[in-house]
Amino acid sequence: MRAYVMSRYGGHEAAHLQDVPVPKPQANDLLIRVHAAGLNPVDYKFREGGLKALYRPTLPIVLGSELSGTVEARGAA
């Protein structure tokens with residue numbers, strides 16, 4: 001699958017589209033086949049390091065949480 005991956009904090013060069021393995025849903029997860037996706041100002045502020053005081057994940061991570069799609073699989077719960 002294709003994902004917008006942030007590998008470090010910084011400007012536009014700190015994140016890029018790349019192929020990543022399809023995740024397996026854990027107990028409380030959904031796997032969604034995305035038909036449309038978008039980024040918003042929170043994503044670029046996060047990429048630039050503006051949210052480090054609130055959230056400091058282990059990098060690399062996939063950015064973006066606005067999407068439309070179809071549920072493909074779900075976790076046991």
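Residues numbered from 1 in each chain as written. Predicted model: local features only at pLDDT ≥ 70, side-chain atom pairs only at ≥ 80, totals over all residues. Heavy atoms only, no water.

> I keep staring at the sheet that holds strand β2 (residues 15–19) and nothing clicks. Help me out?
What links the strands of a sheet is backbone hydrogen bonding, and the strands pair in either a parallel or an antiparallel sense. Here 3 strands make up an open sheet; going across it, the order is β2-β1-β4 and the pairing antiparallel. Every other strand in the sheet has two partners, leaving β2 and β4 (61–62) as the edge strands with one partner each. Pairing geometry for strand β1 (residues 2–6) and β2, over 5 bridges, is antiparallel. Across the sheet, Met6 pairs through a bridge with Ala15, a residue of β2. (Pairing = 2+ DSSP bridges. Helix = DSSP H or I, 4+ residues; strand = E, 2+ residues; numbered from the N terminus.)

> I keep staring at the layout of surface pockets and nothing clicks. Help me out?
Gaps left between atoms show up when a probe the size of a water molecule is rolled over them. In this model, the largest pocket occupies a volume close to 720 Å³. Along its surface, the largest pocket is lined by 24 residues, and Met1, Arg2, Ile32, Val34 and Leu67 are the ones closest to its centre. Going through the elements one at a time, β1, β3 (30–38) and β5 (66–74) are the ones with two or more residues in the lining of the largest pocket. When residues of the lining of the largest pocket are assigned to their parent elements, the largest contribution, 7 residues, is made by β3. Tallied by class, the residues present in the lining of the largest pocket amount to 15 nonpolar, 3 polar and 6 charged. (1 Å grid on protein atoms, 1.4 Å probe; cavity = no way out; pocket = protein on both sides within 12 Å on 5 of 7 lines; lining within 4 Å. Points joined across faces, edges and corners; volume = space filled by probe spheres on them. Nonpolar A, V, L, I, M, F, W, Y, C, P; charged D, E, K, R; others polar.)

> Explanation requested: the pattern of salt bridges in the structure shown.
Opposite charge on two side chains allows them to pair when their charged atoms are near. Enumeration over the complete set of coordinates arrives at 4 salt bridges. Across the pair Asp19 and Arg2 runs a salt bridge whose closest N-O atoms are separated by 3.6 Å. Taken together, the residues span a long stretch of sequence, with Asp19 in strand β2 and Arg2 in strand β1 at a distance of 17 residues. Like Arg2, Asp19 is exposed. The residue Glu72 makes a salt bridge to Arg33 at a minimum N-O spacing of 3.3 Å. (Salt bridge = Lys/Arg side-chain N within 4 Å of Asp/Glu carboxyl O. Buried < 20%, exposed > 50% of the residue type's maximum accessible area, 1.4 Å probe, protein only.)

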